[in-house]
Amino acid sequence: LAENALAALHDEGYARAYDARNLTHRGMIFTGGRVAQSLDGEWNFCVDLLDTGLRQKWFAMQPQPPSERSEPWDYDPFMGEVVPVPSNWQMLQDKWYFFEGGSWYTRPLDLEPDPDGRLFLRVGAASYDCKVFLNGTYLGNHLGASTPFFVELTDHVRPGRNWLMLFVDNRRQADRVPMQNTDWFNYGGVYREVSLYRTPRTVIRDLVLSLAPDSYDRITARVEIEGADSARLQIEGLAEVEIPLTDGVGEIEIAASPRLWSPEDPHLYDVTLTAGADQVRDRVGFRQIQRRGTEILLNGSPIWLRGIAVHEDDRDLGKVTTEEDLIRRFDHARDLNCNFMRLAHYPHHERAAQLADERGILIWAEIPVYWAIDFPNPATRADAENQLAELIRRDRNRASVVIWSIGNENADTDARLDFMSGLAAHARAMDPTRLIAAACLVNHQTLRIEDRLTEHLDIIGINEYYGWYDEDFDDLGRIGKNSSPDRPVVISETGADADISPEGPAEGLFSEAYQAEIYRKQTATLAGLDYVKGMSPWILYDFRTERRQGIYQRGWNRKGLIAADKTTRKAAFDILAAFYAERAKEAK
Ligand code: GCB
């Protein structure tokens, strides 16, 4: 081997060069209303299990026709295999189905010189660790599979042809969020949109709008802007104000009584913010969500959450979200008579909450603090906090989003309590206008809701599978009686698998009839518990998961009310729809 190649092989410290975790929520810019240049489409692609590209610095290669090369190349970033972006590689070729590791995405960027402007790259989501290189320079890395991140390219681009490379690594690791063990498929790749944003020197980084706490006649507006002393905010038909800035930050209260957003009347206002030559837009609804004792109040009135849980998963596309898929999902929720949806177990595509805003569906949004993540590890904590901050910053103008959920089924250890109470405080500090929840624990010995985290939350989520994992269905009634929570409980999961394919059983576990019976018994029991203020059964569609390999599962969790084709409804669908119709009538 050539000397430098040998040196690279023996350099076990190579990974440290790419340790910077610098692509965080701090680099975000506000994108609403901006015109993006899409970088979706064909990218050159190569899987790289051994990190050869990082060791040999493939990102620093210069394009060269094969006939002119004097050395053999182990990889050619500039020609060869291409894949579409967005996509998950598992869905593209059989040989990549179980591939977990790093892969390289490369594409040219042809740019005009623009001395007065700034240029930002936005990656909608890349699973899980994404390192960004431009023209051979490493610009940083981002952790987290489901939140967007930005890289400012301004000082790194040259006029004409540039080369952008992303190294995307989906290896499951104990210190990640989530860790190795989950119940959903570990899709890898760049699976949401990639875009370029051009701005003037002045850049609007953030715009946050909401009703002031406890008020119906004052709106709080907070902005973060680089390169301006003031900004002009217009809320169509409601207000037009100047916001003075100190050190790039401005916060004001505006006297205004907006028409309130609600599931019955999901009214949105067109908003424009202008600072210098920069301008952004949004469509924003105004509402209050609060808790009082065991009540959840929307605009001051008690509400019962008629929900359904959903994953981002598709038989053909994996985790890639399309508008058609989202519309079908919301149509199914409407047919179930839902007013609520749990977007489990990680931040979904931002269009989900936008559609929920338009359609009047309340949203539980979540980060993947799932099961036994590495709670004592400060790096894991920093990662979780950043994913939470990225989610909040992305979606906090969505009136539909009423709950930030900070985790799911985590054992009640001291380290977990410290970690998750910290997350709850973090969420409240960033956003005092929403409720905080988590899927908490039941003590199976004492048959009570018992979890030290609950006192840090507004809503106690409970995942319970009485009649399924817990055989004695009547224990649910016992827990109901034994528990006396001082705040609202939402049954964040319940359900049973049903395999409705020809291979599925006619009765007993995994049959459609058994699932239907569980839904009958669950809804009857839960309706009688006065502190239960809603539910989001598990789950709308069957979803892919490596974990489920039983004869009726065959790689799928089959707790869907609808099969993986997203069309065929199981009997339990109508049972839940009827129950919710009844609840909706009672609420009137
Ligand atoms: C749970 C988990 C969810 C699983 C579900 C199941 O409690 O929160 O991620 O998929 O149970 O089907 O077991």
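Along every chain, residues carry numbers that run from 1 in the direction the sequence is written. In keeping with the predicted nature of the model, local features appear solely for residues at pLDDT of at least 70, side-chain atom pairs appear and are counted solely at 80 or more, and the whole-chain, interface and lining totals rest on all residues.

Asks: How should I be thinking about the overall build of the chain in this particular structure?
Replies: Tallying secondary structure elements over the chain gives nine helices and 34 strands in all. For the chain, whose C-alpha radius of gyration is 25 Å, the value lies close to the compact-globule estimate of 25 Å for 588 residues. Dimensions of the chain, computed from C-alpha atoms along their principal axes, come out at roughly 75 × 60 × 45 Å. Residues with at least 20 neighbouring C-beta atoms inside 10 Å of their own are called buried, those with 12 or fewer are called exposed, and the rest are partly exposed, where every C-beta is derived from the backbone. Counting every position in the chain, which comprises 588 residues, the buried fraction comes to 46%. Here the contact rule is simple: place C-beta atoms from the backbone, and any two residues whose C-beta atoms are within 7 Å are in contact. Partitioning the intrachain contacts of the chain with sequence separation of at least 6 by distance along the chain shows that 71% fall at a separation of at least 24. Secondary structure counts use DSSP, requiring at least four H or I residues in a row for a helix and at least two E residues in a row for a strand, with both numbered from the N terminus. Computation of the radius of gyration draws on C-alpha atoms, with the globule rule given as 2.2 Å multiplied by the number of residues to the power 0.38.

Asks: Would you explain the nonpolar core in this entry?
Replies: Within soluble globular proteins, side chains that are nonpolar generally end up buried alongside one another. By convention in this section, buried Ala, Val, Leu, Ile, Met, Phe, Trp, Tyr and Cys residues joined through C-beta atoms within 7 Å make up a nonpolar core. Counting residues in hydrophobic clusters, the biggest one holds 152 residues, and the most contacted among them are Met-341, Ile-363 and Ile-406. By residue number, the principal contributor to this core is strand E27 (residues 435–440), which donates six residues. Setting aside anything within four residues of it in sequence, one finds Ile-406 in contact with Ile-367, Val-369, Leu-388, Met-420, Leu-423, Ala-424, Ala-427, Ile-436 and Ala-438.

Asks: Help me out: how do you make sense of helix H9 (residues 571–587) in this one?
Replies: Helical geometry: 3.6 residues make up each α-helical turn, so side chains three or four residues apart lie on a common side. Along its 17 residues, H9 runs 25 Å from first to last C-alpha, staying within 8% of the 24 Å computed at 1.5 Å per residue. Check the buried side of H9 and you find it contacts strand E23 (305–310) and helix H8 (512–527). Given a helix with a known number of residues, its expected span is that number minus one, times 1.5 Å.

Asks: Can you walk me through the site of the ligand in this structure?
Replies: Taken together, the residues surrounding the ligand are Asp-183, His-345, Asn-408, Glu-409, Asn-463, Glu-493, Trp-538, Asn-557 and Lys-559. Residues are grouped as follows: Ala, Val, Leu, Ile, Met, Phe, Trp, Tyr, Cys and Pro are nonpolar; Asp, Glu, Lys and Arg are charged; every other residue, Gly included, is polar. Its residues assigned to classes, the shell around the ligand comprises one nonpolar, four polar and four charged. For each residue, a C-beta atom is positioned from the backbone; the residue is called near a molecule or strand if that atom sits within 6 Å of it.

Asks: In this structure, what is going on with the environment of Phe-30? I would like to understand it.
Replies: Here Phe-30 shows up in the loop between helix H1 (3–10) and strand E1 (36–38). Sequence separation between Phe-30 and Val-223 is 193 residues; the distance between their C-alpha atoms is 9.9 Å. When neighbours within four sequence positions are excluded, Phe-30 is seen to be in contact with Ile-204, Arg-205, Asp-206, Leu-207 and Val-280.

Asks: What is the right way to look at helix H4 (residues 350–359) in this model?
Replies: Within H4 the residues assigned to the buried category are Glu-350, Ala-352, Ala-353, Ala-356 and Asp-357. Taken end-on, H4 shows its buried residues confined to a sector of 160 degrees, consistent with a single buried face. Considering only its buried residues, H4 is in contact with helix H3 (323–335), strand E24 (340–343), strand E25 (362–366), helix H5 (378–395) and strand E26 (401–408). Directly after H4, the chain includes Gly-360, whose backbone phi takes a positive value near 80 degrees. Directions drawn from the helix axis to the C-beta atoms are what define this arc.

Asks: Explain the UniProt feature "domain: Glycoside hydrolase family 2 catalytic" (unreviewed entry) in the chain here, please?
Replies: UniProt positions are given in the numbering used here, feature names are shortened, and annotations may be inferred rather than shown by experiment. The sites that UniProt annotates as "domain: Glycoside hydrolase family 2 catalytic" (unreviewed entry) are residues 292–574. Strand forms 20% of residues 292–574 and helix 30%; the C-alpha atoms that close the span are 32 Å apart.

Asks: In this structure, what is going on with the sheet that holds E26? I would like to understand it.
Replies: Strands belonging to one sheet form pairs held by backbone hydrogen bonds; the direction of such a pair is parallel or antiparallel. We treat two strands as partners when DSSP finds at least two bridges between them. Strands sit in the order E23-E24-E25-E26-E27-E30-E31-E32 around a closed barrel of eight strands; the barrel is parallel. Strand-to-strand, the axes of this sheet are offset by a mean angle of 30 degrees, without reference to chain direction. As paired strands, E23 and E24 are joined by four bridges and run parallel to one another. Bridge pairing in E24 links Ala-309 to Arg-342. Between N-to-C directions, angles cover 0 to 180 degrees, with each direction set by a line fitted to C-alpha atoms, over the stretch in contact for helices.

Asks: Looking at this structure, I do not really get the pairing of E23. What am I missing?
Replies: Here is the key point about a regular strand: its side chains alternate between the two faces of the sheet. Among the six residues of E23, six are classified as buried, and the element is accordingly described as predominantly covered. Both faces of E23 are covered, namely the face carrying Leu-305, Gly-307 and Ala-309 and the face carrying Arg-306, Ile-308 and Val-310. Across two bridges, the pairing between E23 and strand E32 (residues 532–535) is parallel. Residue pairing for E32: Leu-305 is matched across the bridge by Gly-534. Read from E23 through H3 to E24, the crossover connection turns out right-handed. Handedness of a crossover is defined as follows: with both strands directed away from the viewer, a clockwise route from the first strand across the helix to the second makes it right-handed.

Asks: Got a minute to help me understand the packing of H8 against H9 in this structure?
Replies: How two helices sit against one another is set out by the angle between their axes and by the gap between those axes. Contact pair H8 / H9: the axes reach a minimum separation of 8 Å and the direction vectors enclose 15 degrees. On the basis of their axis angle, the class for H8 and H9 is roughly parallel. Seen along the crossing, H8 lies across H9 with a hand that is right-handed. Contacts between H8 and H9 involve Glu-512, Gln-515, Ala-516, Tyr-519, Arg-520 and Thr-523 from the first element and Ala-571, Ala-572, Ile-575, Leu-576 and Phe-579 from the second. A per-class count over the contact of H8 with H9 returns seven nonpolar, two polar and two charged. With respect to orientation, any angle under 35 degrees is reported as roughly parallel, any angle over 145 as roughly antiparallel, any angle of 65 to 115 as roughly perpendicular, and every other angle as oblique. Crossing handedness is read from the near helix: turned anticlockwise from the far helix by less than a right angle, it gives a left-handed crossing, and turned clockwise, a right-handed one.

Asks: I would appreciate a short explanation of unusual backbone geometry in the present structure.
Replies: In most cases, non-glycine residues show a negative phi, while peptide bonds are predominantly trans. Each neighbour pair has its own omega, and for Ser-127 with Tyr-128 the value is 5 degrees, a cis peptide bond. In this structure, the amide linkage connecting Ala-344 to the following residue, His-345, adopts the cis form with an omega of -20 degrees. If you trace the backbone, His-345 turns up in the loop between E24 and H4. Non-glycine residue Asp-51 carries a positive phi angle of around 60 degrees. Counting through the fold element by element, Asp-51 comes out in the loop between strand E2 (41–48) and helix H2 (52–56). On the basis of neighbour counts, which here come to 15 C-beta atoms within 10 Å, the residue Asp-51 falls in the partly exposed class. Positive phi, close to 80 degrees, is recorded for Phe-510, a residue that is not glycine. Along the polypeptide, Phe-510 turns up in the loop between strand E31 (489–493) and H8.

Asks: Can you help me understand the sheet that holds strand E13 (residues 203–211) in this one?
Replies: Across the sheet, which stays open at both edges, the three strands sit in the order E13-E14-E17 with antiparallel pairing between neighbours. Lying at the two open borders of the sheet, with one neighbouring strand each, are E13 and strand E17 (249–255). Strand-to-strand twist in this sheet, taken as the mean axis angle between neighbours without regard to direction, amounts to 15 degrees. Alignment of strand E14 (residues 218–226) against E17, held across seven bridges, turns out to be antiparallel. Bridge pairing in E17 places Ile-219 opposite Ile-254.

Asks: Sorry, what's going on with the environment of Glu-100 here?
Replies: Within the secondary structure, Glu-100 is located in the loop between strand E3 (82–85) and strand E4 (102–111). C-alpha of Glu-100 to C-alpha of Val-123: the two residues are 23 residues apart in sequence and 20 Å apart in space. Aside from chain neighbours lying at most four places away, what touches Glu-100 is Asn-170, Arg-171, Arg-172, Asn-186 and Gly-188.

Asks: Sorry, what's going on with the packing of H5 against helix H6 (residues 414–430) here?
Replies: Running from N to C, H5 and H6 point in directions that differ by 30 degrees, and their axes come no closer than 10 Å. Put simply, H5 runs roughly parallel to H6. Crossing geometry of H5 relative to H6 is assigned as right-handed. Of the residues in H6, those touching H5 at Arg-381, Ala-384, Glu-385, Leu-388, Ala-389 and Ile-392 are Phe-419, Leu-423, His-426, Ala-427 and Met-430. Within the contact of H5 with H6, the residues separate by chemical class into eight nonpolar, one polar and two charged.

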